[in-house]
Amino acid sequence: MKSVYTFLVIIGLIAILPAARGETAPLPPLDTVIQRVMQTSATENTDYHTFNQHYFYTRDKVTEFLDSSGAVKQREDNQSTNNPIPSPRAFTQHPPPSRNVYPKQAAANEQNNIHGVALGKKEDLINSDLIKRFKLTIVDREMVNGRPTLVVDFKPVSNDLPVFNIKDRVINSIAGRAWVDEQDYQLEKVELHLTQKLTVLGGIVGSVSKFTLSFERDRTPDGYWYTRSLKWHLEAHEATVPRIVDHSEEVSDLQKMR
C-alpha cells in the first residue's frame, strides 16, 4: 500500500513540475492567428459603431507643430464627447451620425493632410491582400492589461512590391510589432514605423523622412474593443517647407449609458 501511495505522489509531482518551472503552452500556428484576426477585423467597424451607441466618453486631441530644433511653434487642442443619448430636440432636428462624433472637425481634418491619422477611424480592414505584403513572425507571448497576447513582428515581404497609388507606397514601407489578444484575436497594441523615405513626384510635391505610429486598445467588461490612445510623429517636407508634427489622442471618462 505504501508503494502505491509513493507512486501516486511521484505521478502528481511530474504533473505539476512544468507549471512550477513556469512553462507555457506552445505558440499557435501563424496561419491560425492570421485567419482569426481577419475574422474579427471584418466586423470591427460594425462593432465600433455599436460601442458608440452604448458608451459615453471624452476624446482629447493634441497636435503640435515643431521647428527644426524641436520647439513648439503651434499647438492645437480639441476635445469632443460621444454621448449615445442625444437630447430629443437635437434628435428630431439632426439625427445623430452613425460613427463620427465630431463631423465639423473631421471635415476640416480631411482637408488638411497633416491630420490624416485619426483615432478610431477604420479605413483599411485587415484582409488577405494586406497580409500578403508582410512577412509575419510570432516572436513571444506577453501579458498586456492583464490579458495574454501574441507578439507578432511584421515587415515588408520584399523590396519589390507592386505600387498602384501613394497608399501602396506607404503600406509597402511599414514595419513594426503588433500585440494580438489571444482570447478575442483583436489587435490590442501596435507600434509601426517607415522603413524608408517616401517622396511624391520625386520630392517636388513633398517627402516624408520619418513617421512613427502607435496605438493601444482596451476591452470593456461586456466585450467591446475601443482605441484608448493613439500617437504619431511626422517629419516631412511639403514642397520646400519642413514639417515636424506630434499628434496624440486619448479617450477618457468611459461610462456605459445603456
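Everything below is about the structure printed above this text.
The numbering scheme is per chain: residues are counted from 1 as the chain's sequence reads. Only residues with pLDDT of at least 70 get local features here, since the model is predicted, and only at 80 or more are side-chain atom pairs given and counted; chain-wide, interface and lining totals rely on the full set of residues. Hydrogen atoms and water are omitted, and side-chain values are computed over all heavy atoms in the structure.

**Considering the packing of aromatic side chains**
- The rule is short: rings of Phe, Tyr and Trp, with Trp giving its six-membered ring, pair when the centres are within 6.5 Å, and they are stacked under 30 degrees, edge-to-face over 60, tilted in between. Considering all chains together, one arrives at eight aromatic pairs under this definition.
- With 6.1 Å between their ring centres and 40 degrees between their planes, Phe211 and Trp232 make a pair best called tilted. With a gap of 21 residues between them, Phe211 in strand E8 (residues 206–219) and Trp232 in strand E9 (residues 225–238) connect regions that are remote in the sequence. Neither Phe211 nor Trp232 differs from the other in exposure class; each is buried.
- Within the aromatic cluster, the residues linked to one another by ring pairs are Tyr48, Phe51, Tyr55, Tyr57, Tyr224 and Tyr226.
- Above the ring of Trp179, the side-chain terminus of Lys189 is found at 4.6 Å from the ring centroid. Each helix is a run of H or I in the DSSP string that is no shorter than four residues. Each strand is a run of E no shorter than two, and both are numbered from the N terminus. Only protein chains enter the area calculation, which uses a 1.4 Å probe; residues under 20% of their type maximum are buried, those over 50% are exposed, and those in between are partly exposed. By definition, being over a ring means that NZ of Lys or CZ of Arg is both within 6 Å of the ring centre and within 35 degrees of the ring normal.

**So, the environment of Ile85**
- Residue placement: Ile85 occurs in the loop between strand E2 (72–82) and helix H4 (88–93).
- Sequence-wise, Ile85 and Tyr55 are 30 residues apart; in three dimensions their C-alpha atoms are separated by 9.3 Å.
- With residues near it in sequence (within four places) discarded, Ile85 still touches Met257 and Arg258. Contacts are assigned to residue pairs that have any heavy atoms within 4.5 Å of one another.

**A word on unusual backbone geometry**
- A positive phi is found at Asn145, a non-glycine position, where the angle reads about 55 degrees.
- Along the chain, the position of Asn145 falls in the loop between strand E3 (134–144) and strand E4 (147–156).
- Even without a glycine there, the phi angle at Asp253 is positive, about 55 degrees.

**What to know about the pattern of salt bridges**
- We define a salt bridge as a contact between a side-chain nitrogen of Lys or Arg and a carboxyl oxygen of Asp or Glu at a distance within 4 Å. Considering all chains together, one arrives at 15 salt bridges under this definition.
- With a closest N to O distance of 3.2 Å, Arg217 and Glu44 form a salt bridge. Within this pair, whereas Arg217 is found in strand E8, its partner Glu44 is found in helix H3 (residues 44–54), the two being separated by 173 residues in sequence. Glu44 matches Arg217 in its accessibility class, with the two residues each being buried.
- The salt bridge involving Arg228 is made with Glu216; its shortest N-O contact spans 2.5 Å. Of this pair, Arg228 sits in strand E9 while Glu216 sits in strand E8, and the two are 12 residues apart along the sequence.
- One continuous salt-bridge network, built from bridges that share partners, spans Asp129, Lys132, Arg133 and Asp168.

**As for the environment of Tyr57**
- By secondary structure assignment, the location of Tyr57 is in strand E1 (residues 55–66).
- By relative accessible area, Tyr57 is classed as buried at 2%.
- Between the C-alpha atoms of Tyr57 and Ser80, which are 23 residues apart in sequence, the distance is 8.6 Å.
- Under this definition, polar contacts are N or O atom pairs within 3.5 Å; protein pairs additionally need one hydrogen-donor-capable and one acceptor-capable atom, and for neighbouring residues in sequence, both atoms have to be side-chain atoms. Looking at Tyr57, its side chain comes within polar contact range of the side chain of Asn52, at 2.6 Å.

**Things to note about the environment of Arg217**
- Of the residues examined, Arg217 reaches a relative accessible area of 5% and is grouped as buried.
- For the pair Arg217 and Leu230, spaced 13 residues apart in sequence, the C-alpha separation works out to 9.0 Å.
- Residues contacting Arg217, with those up to four places away along its chain left out, are Glu44, Asn145, Gln186, Leu187, Glu188, Trp225, Tyr226, Thr227 and Arg228.
- A distance of 2.9 Å separates a polar side-chain atom of Arg217 from the backbone oxygen of Leu187.

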